[in-house]
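# Breakdown of the fold
The chain contents come next:
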Amino acid sequence: MTNKLGMNLLLWGVDMTDAMFPILELIKETGYDTVEIPIMDLNPKKWEGWRKKLDELGLSVVAETINGPEHNSIDKSEFKRKDALDFNKAVLDCADVLGVELLIGPIHSALGVFTGAPATEEEKKWGAEVLHDLSEHAQKYNITLGLEYLNRFESYLVSCTDELMELMGRVNHPSCKLMFDTFHANIEEKRLPDAIRKMADHLVHVQLSENDRGTLGHGHVNFEEVISTLKEIDYKGVISVEAFSQKLVAANIWRKMFESEEQLTKDSYKYLKVLTR
């Protein structure tokens, strides 16, 4: 496989300051081609220094973001839905500064917000409407959206491949595509290869995450069959490592899952290089 390999910066938390630049150097030195950068700071000027550093290192970028309760695209309030759209448009404005071609994440609804019931037809309609408007904004920058479903404990609008594909169909926009994350799929899908095959024609990004969010190959997720299926469908996009630590409070990880961020970064890369050769 000739796919670019990426590393997600959420391993080090959400505070993306210039103090992260040595981490970018570590990622490049390890051998990765790409870095996933969470955009929560909506000041475009802030990202100009990042763009310069990334260009110096020769790292390509995938942007991602997370929508909190205050940015919920399926809220009953029209004003709150507009706030969610405006937030994600501002994320795209910053992503353009970084020169990205892809914005990924669960940008369809708010993380950790539940009603105690399944998503209603109205909520699905609201979500699709916001995503269509966001796709229009993304198209201006030649950026593609890679929608991500989360597991049932984190989201309720979409929590499996079938629901995600249905939502994409409702959006019905060429800039709205799908991504695949093994952590959520490991919980929600009967078989990971079948889920990958279903979304093959729309798949623009893949995140590999161990069952405990730790070092790849140190848990029970069958990454061999995931990579084999990606080869089967001739997937050309980035394959990224997504791991979390206690530094990411939203992940609810309260015990140490690995030796160090550097160890996880290097060992996951070695494991992935063997799988993808």
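An account of the accompanying structure is given in this report.

## Side note on the sheet that holds strand E4 (residues 102-105)
With parallel pairing, the eight strands of this closed barrel are ordered in space as E1-E2-E3-E4-E5-E6-E7-E8. The sheet shows a mean angle of 30° between the axes of neighbouring strands, direction not considered. Running over the sheet, helix H4 (residues 121-140) touches strand E5 (144-147) and strand E6 (176-181) and is turned about 140° from E5. Contacts from helix H8 (residues 223-232) reach strand E7 (203-208) and strand E8 (239-241), with the element oriented near 165° to E7.

## Examining the packing of H4 against helix H5 (residues 161-171)
Taken N-terminus to C-terminus, the directions of H4 and H5 make an angle of 60°; their axes are 8 Å apart at the nearest point. In terms of orientation, H4 lies oblique with respect to H5. Handedness of the H4/H5 crossing: right-handed. Between H4 and H5, the contacting residues are Glu 121, Lys 124, Lys 125, Gly 127, Ala 128, Leu 131, His 132 and Ser 135 on the first element and Glu 166, Leu 167, Arg 170 and Val 171 on the second.

## Concerning unusual backbone geometry
Its identity is not glycine, yet Asn 142 carries a phi of approximately 60°, on the positive side. Along the polypeptide, Asn 142 turns up in the loop between H4 and E5. The backbone of Asp 234 shows a phi angle near 60°, a positive value even though the residue is not glycine. Take Asp 234: it is sitting in the loop between H8 and E8. On the accessibility criterion, Asp 234 (47% relative accessible area) is partly exposed.

## Some points on the environment of Thr 65
Mapped onto the elements, Thr 65 comes out in the loop between strand E3 (60-64) and helix H3 (78-98). Along the sequence, Thr 65 and Ile 37 sit 28 residues apart, while their C-alpha atoms lie 8.3 Å from each other. Apart from residues no more than four positions distant in its own chain, Thr 65 is found in contact with Ile 39, Met 40, Phe 87, Asn 88, Val 91, Leu 103, Ile 104, Gly 105, Pro 106 and Ile 107. A distance of 2.8 Å separates a polar side-chain atom of Thr 65 from the backbone oxygen of Ile 39.

## Overview of the packing of aromatic side chains
For the structure on display, the rule yields five aromatic pairs. Taking 6.2 Å as the distance between ring centres and 40° as the angle between the ring planes, the aromatic pair formed by Phe 114 and Tyr 156 counts as tilted. One end of the pair, Phe 114, is in the loop between E4 and H4; the other, Tyr 156, is in the loop between E5 and H5, with 42 residues separating them in the sequence. Judged by its relative accessible area of 41%, Phe 114 is partly exposed. Accessibility expressed as a relative area gives 14% for Tyr 156, which makes it buried. Three or more aromatic residues link up through ring pairs in this structure, and these residues are Phe 21, Trp 47 and Trp 50. One residue, Lys 46, lies across the ring of Trp 47, its end atom 4.7 Å from the ring centre. Above the face of the Phe 183 ring, Arg 213 is positioned so that its terminal group lies 3.8 Å from the ring centre.

Conventions and cut-offs
- Residues numbered from 1 in each chain as written.
- Predicted model: local features only at pLDDT ≥ 70, side-chain atom pairs only at ≥ 80, totals over all residues.
- Heavy atoms only, no water.
- Pairing = 2+ DSSP bridges.
- Helix = DSSP H or I, 4+ residues; strand = E, 2+ residues; numbered from the N terminus.
- Axes fitted to C-alpha atoms, helices over the stretch in contact; angles between N-to-C directions.
- Contact = heavy atoms within 4.5 Å.
- Parallel < 35°, antiparallel > 145°, perpendicular 65-115°, else oblique.
- Left-handed = near helix turned anticlockwise from the far one by under 90°.
- Buried < 20%, exposed > 50% of the residue type's maximum accessible area, 1.4 Å probe, protein only.
- Polar contact = N/O pair within 3.5 Å; in protein donor to acceptor, adjacent residues only side chain to side chain.
- Phe/Tyr/Trp six-rings, centres within 6.5 Å; stacked < 30°, edge-to-face > 60°.
- Lys NZ or Arg CZ within 6 Å of the ring centre and 35° of its normal.

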